[in-house]
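Descriptive structure summary
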Amino acid sequence: MDAELTTMCYIERDGCYLMLHRTKKKNDPNHDLWLGPGGHFESNESPEECVIREVREECGITLTKWRMRGIITFSDGDWFEYMFLFTATDFEGEIGECNEGELVWVEKEKVLSELPIWEGDRIFLRLLAQEHPFFSLKLQYENRRLIRAVLDGESLELN
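Residues numbered from 1 in each chain as written. Predicted model: local features only at pLDDT ≥ 70, side-chain atom pairs only at ≥ 80, totals over all residues. Heavy atoms only, no water.

1. Comments concerning the side chain of arginine 53
Within the element layout of this structure, arginine 53 appears in helix α1 (residues 47–59). Among the residues examined, arginine 53 registers a relative accessible area of 8% and is labelled buried. Here histidine 40 takes part through its backbone oxygen, which lies 2.8 Å from a polar atom of the side chain of arginine 53. (Helix = DSSP H or I, 4+ residues; strand = E, 2+ residues; numbered from the N terminus. Buried < 20%, exposed > 50% of the residue type's maximum accessible area, 1.4 Å probe, protein only. Polar contact = N/O pair within 3.5 Å; in protein donor to acceptor, adjacent residues only side chain to side chain.)

Put into structure tokens, the structure is as follows:
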């Protein structure tokens, strides 16, 4: 079984994250959800090269200060994805138009409390807010519903 390789970046500024409201792509499994910018690896890319390219393509900016915060393993039935999670605090350029949806600066607290996001994203966003050291998080879904989360080898209780 082949796993997808992706990156995601939460770009921070003035207590906000730059969020992408996914509304424009057809047959998008993330349709109408809010995510950080990111996407799939191209051939021979490192995680850092991928995240820089994806942010440039989706947002029109070039990251100048970033760090990898964790690796997220997603599963749902036969589907697997390994996502390299980054945060960034500095960039060059101006935010542009995105062909996948609308880019909006959203207060960090509102991302968790008000926006429709994946249930598992709430877990890793809390870890980012807590400045948790580099982590490995497995999020197991069944028909798009989170059924299990494992942080650094330890099962988490789901609410």
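Picking up after the structure, the text goes on.
2. What about the pattern of salt bridges?
Note on pairing: side chains with opposite charge can pair once their charged atoms come close. One pass over the structure, following the stated rule, counts ten salt bridges. For arginine 53, the salt bridge identified is with glutamate 42, shortest N-O distance 3.5 Å. Note that arginine 53 is positioned in helix α1 and glutamate 42 in the loop between β4 (38–40) and α1, a separation of eleven residues in sequence. Between arginine 53 and glutamate 57 there is a salt bridge, with its nearest N and O atoms 3.2 Å apart. With a gap of four residues between them, arginine 53 and glutamate 57 both fall in helix α1, about one helical turn apart. Owing to a relative accessible area of 49%, glutamate 57 belongs among the partly exposed residues under this scheme. Shared partners join several salt bridges into a network, and the residues in it are Glu42, Glu45, Arg53, Glu54 and Glu57. (Salt bridge = Lys/Arg side-chain N within 4 Å of Asp/Glu carboxyl O.)

3. Focus on helix α3 (residues 119–129)
For α3, the full list of buried residues reads Gly120, Asp121, Ile123, Phe124, Leu125, Leu127 and Leu128. Where α3 terminates, the next one or two residues include glutamate 131, which has phi positive at roughly 55°.

4. Remarks on the environment of arginine 144
By the secondary structure assignment, arginine 144 is in the loop between β8 (135–142) and β9 (145–151). What makes arginine 144 partly exposed here is its relative accessible area of 46%. For the pair arginine 144 and tryptophan 79, spaced 65 residues apart in sequence, the C-alpha to C-alpha distance is 11 Å. If near-sequence neighbours (up to four positions away) are discounted, arginine 144 is found in contact with Pro29, Leu33, Asp76 and Trp118. (Contact = heavy atoms within 4.5 Å.)

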